[in-house]
Amino acid sequence: MRFTVAGTLLDSCVLGALQGRPAYGYELTQQIQAAIDVSESTLYPVLRRLLQSGKLDTFDEPFDGRNRRYYRITGQGKAALQDAMTAWHSYKESIETLLTGGIEP
């Protein structure tokens, strides 16, 4: 897997945030925004994409007289997260090497 900062990173952040427990949309948005600068309008398409690809699924729970939609990571999502973690470590090492002037042509 080649790591692309725009797509893969944000998808991976969402999957990582959900690996501990399910979360509803607003809660998940707040959790992601506490770590990185991203808008709600950016996150909801990510959630839809991850749902469509089978990496997330949803369930509804009643809350204050209405349903709240929760997102949870699937087995496919856990495998994708593991692949992303491997790619991230490689990417991070490459960037650290560049930042410290360690690559010779």
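For the structure, see preceding data.
So, how was this worked out
Residues numbered from 1 in each chain as written. Predicted model: local features only at pLDDT ≥ 70, side-chain atom pairs only at ≥ 80, totals over all residues. Heavy atoms only, no water. Pairing = 2+ DSSP bridges. Helix = DSSP H or I, 4+ residues; strand = E, 2+ residues; numbered from the N terminus. Buried < 20%, exposed > 50% of the residue type's maximum accessible area, 1.4 Å probe, protein only. Lys, Arg positive; Asp, Glu negative; His and termini not counted. Salt bridge = Lys/Arg side-chain N within 4 Å of Asp/Glu carboxyl O. Contact = heavy atoms within 4.5 Å. Core = buried A, V, L, I, M, F, W, Y, C linked by side-chain atoms within 4.5 Å.

1. Quick word on the pairing of strand β2 (residues 56-63)
And step 1. Relative to strand β3 (residues 66-73), β2 is paired through 8 bridges, and the arrangement is antiparallel. Bridge pairing in β3 places D57 opposite R72.
And step 2. Linkage of β2 to β3, two consecutive antiparallel strands, is achieved through a turn of 2 residues, within which D64 is found at a positive phi near 50 degrees.

2. Describing the side chain of R68
And step 1. With respect to the helices and strands, R68 occurs in strand β3.
And step 2. No salt bridge is formed by the buried R68; its nearest oppositely charged neighbour, D64, is found at 6.1 Å.
And step 3. Setting aside residues up to four positions removed in sequence, R68 forms contacts with Y24, F59, D60, E61 and F63.

3. Some details on the nonpolar core
And step 1. Core analysis: the largest hydrophobic core is formed by 18 residues, its most contacted members being V14, L15, L18, L28, I32 and L56.
And step 2. Mapped onto this core, the elements with two or more residues apiece are α1 (7-18), α2 (25-35), α3 (40-52), β3 and α4 (75-99).
And step 3. The residues contacting I32, other than those within four sequence positions of it, are L10, C13, V14, A17, V38 and L43.

4. Some remarks on the environment of L18
And step 1. Relative to the helices and strands, L18 resides in helix α1.
And step 2. Taking the relative accessible area as the measure of exposure, L18 reaches 2% and is therefore buried.
And step 3. A sequence separation of 13 residues divides L18 from Q31, and the C-alpha atoms of the two residues are 10.0 Å apart.
And step 4. In this structure, L18 is in contact with A23, L28, L56, Y71 and I73, ignoring residues within four places of it in sequence.

Honestly, it's all geometry; don't read function into it.
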